[in-house]
Amino acid sequence: MQDTRYMDAWIHVPLCKKGEKLYHYTTAEGVRGIVENREFMATKSDFLNDKLEFQYAVEVMERLTEKYIVHASLRERFFSRLQQEIERMGIITPVCDVEGECHMEGLSFYVVAFSKLQNNALLWAEFTDFKGYCLEFDYMKLVEGFQHRVFLHGTVIYDEKEQMNALLESLLSCIRNLQDSGMTDLEGFFEEDAVVSDASLQKLAEEMAVVVSVYAMFFKKGFFEGEEEYRFVFPPLINELGMAKPKFRLLDQIFLPYIMVEFDRKQESIPMESVMVGAKNNSDIAVRGMKYFLRSQGLDIPVLLSDIPLRY
């Protein structure tokens, strides 16, 4: 693991390596949009399969403070300030109230989900009911194709111990950084007799609020680990009125907000390397139709049929 690349020195979200492949499970309509229009559908964060997942990192951070900050009053003061700062920043999508009213839409985030797994039964079932398509992409070419757009990307972390360690390392780095800048009262932050000024505590809360908000985009609960997700996270573009305007698609009579993220048109073609057809599309017409469509778009790539055995 020594050669693992991370998002940056403070945020230990693992990145893929050059040469790795990512897989996107989608419908026929999704394939057509990606190939013809060179754009991906990014779903609003609180409309994913776990609608509260962007807030999960705050829960992990709370457990970390309970474990490591032994001074009860200091722990309460710090976590209260941290929560206030996270809410003030508005990066983590707020929960809508009972009337469905949400605030700070312009600070919402939208996710395009990929996986490191090809031909995975869980993902076929979740995203396509085994009737869709699994698209293979070159990781580095995907990153290059989104470079014109503000975004973050990385491997989703499912293991709570790994999540806790990542947050603890960031907390220690923040404390060391603030100590170096003169806030020496943070030296005994984890001691029973800790005495920390309001000014130092506020500054630490401000820095950790940024860290937690970024990790929130890449932490998920353990029971989703079978997805092996690698995600790209985008803020919405702001229109001339200063408002973010998502589009909506219908799924099982539910309106789901999304934005379209355009792939850089400077690249000669979408960096798709193969397509796998879902096992329920068991007619050779599905394979032949996809090949014909791709060639009409200038893509001569392998088209395979999933060999997952199903009980119909």
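Up top you'll find the structure we're talking about.
Keep in mind the model is a prediction, meaning the values are calculated, not measured.

Draft legend 1. The arrangement of the layout of surface pockets in detail. Of the pockets and cavities examined, the largest pocket occupies roughly 1,100 Å³. Forming the walls of the largest pocket are 36 residues, and the residues nearest its centre are Y25, M41, T43, F127 and R249. Sorting the residues of the lining of the largest pocket by element identifies β1 (21–26), α1 (28–37), β2 (39–44), β3 (110–115), α4 (121–128), β6 (229–234), β7 (247–251) and β8 (254–262) as the ones contributing at least two each. Class assignment for the residues of the lining of the largest pocket results in 20 nonpolar, 8 polar and 8 charged.

Draft legend 2. Main features of the pattern of salt bridges. Within this structure, the stated rule accounts for 14 salt bridges. Across the pair D198 and R77 runs a salt bridge whose closest N-O atoms are separated by 2.8 Å. Remark: R77 occurs in helix α3 (residues 72–89) and D198 occurs in helix α7 (residues 198–215); sequence separation between them is 121 residues. For D198, a relative accessible area of 45% gives the class partly exposed. Looking at R77, the relative accessible area reads 28%, which means it is partly exposed. Notably, a salt bridge pairs D198 with R81, separated by 3.4 Å at the nearest N-O pair. Here R81 lies in helix α3 and D198 lies in helix α7, a separation of 117 residues in the sequence.

Draft legend 3. A look at the pairing of strand β4 (residues 133–138). Among the 6 residues in β4, 6 count as buried, and that is most of the element. Side chains of β4 alternate between two faces, with Y133, L135 and F137 and C134, E136 and D138 buried alike. Here β1 runs beside β4; their pairing, made up of 6 bridges, is antiparallel. For L22, the partnering residue across the bridge sits in β4 and is F137. Pairing analysis gives 5 bridges linking β4 to strand β9 (residues 272–277), with the strands arranged antiparallel. Counted as the bridge partner of E136 is S274 from β9.

Draft legend 4. Just helix α8 (residues 284–296), in detail. Along its 13 residues, α8 runs 18 Å from first to last C-alpha, staying within 8% of the 18 Å computed at 1.5 Å per residue. Within the sequence span of α8, burial applies to A286, V287, M290, F293 and L294. Viewed end-on, α8 has its buried residues packed into an arc of 130 degrees, placing them on one side of the element. In α8, the exposed residues that point more than 90 degrees away from the buried face are I285, R288, Y292, R295 and S296. G298, located one to two residues past α8, shows a positive phi value of around 80 degrees.

Draft legend 5. Fine view of the packing of α1 against α8. Packing of α1 against α8 leaves a shortest axis separation of 10 Å and a crossing angle of 20 degrees. Regarding the angle of α1 to α8, the classification is roughly parallel. Handedness of the α1/α8 crossing: right-handed. Contacts between α1 and α8 involve V31, R32, V35 and E36 from the first element and M290, F293 and L294 from the second. Looking at side-chain class alone, the contact of α1 with α8 contains 5 nonpolar, no polar and 2 charged residues.

How each quantity is defined
Residues numbered from 1 in each chain as written. Predicted model: local features only at pLDDT ≥ 70, side-chain atom pairs only at ≥ 80, totals over all residues. Heavy atoms only, no water. 1 Å grid on protein atoms, 1.4 Å probe; cavity = no way out; pocket = protein on both sides within 12 Å on 5 of 7 lines; lining within 4 Å. Points joined across faces, edges and corners; volume = space filled by probe spheres on them. Helix = DSSP H or I, 4+ residues; strand = E, 2+ residues; numbered from the N terminus. Nonpolar A, V, L, I, M, F, W, Y, C, P; charged D, E, K, R; others polar. Salt bridge = Lys/Arg side-chain N within 4 Å of Asp/Glu carboxyl O. Buried < 20%, exposed > 50% of the residue type's maximum accessible area, 1.4 Å probe, protein only. Pairing = 2+ DSSP bridges. Expected span 1.5 Å × (residues − 1). Arc of directions from axis to C-beta. Axes fitted to C-alpha atoms, helices over the stretch in contact; angles between N-to-C directions. Parallel < 35°, antiparallel > 145°, perpendicular 65-115°, else oblique. Left-handed = near helix turned anticlockwise from the far one by under 90°. Contact = heavy atoms within 4.5 Å.

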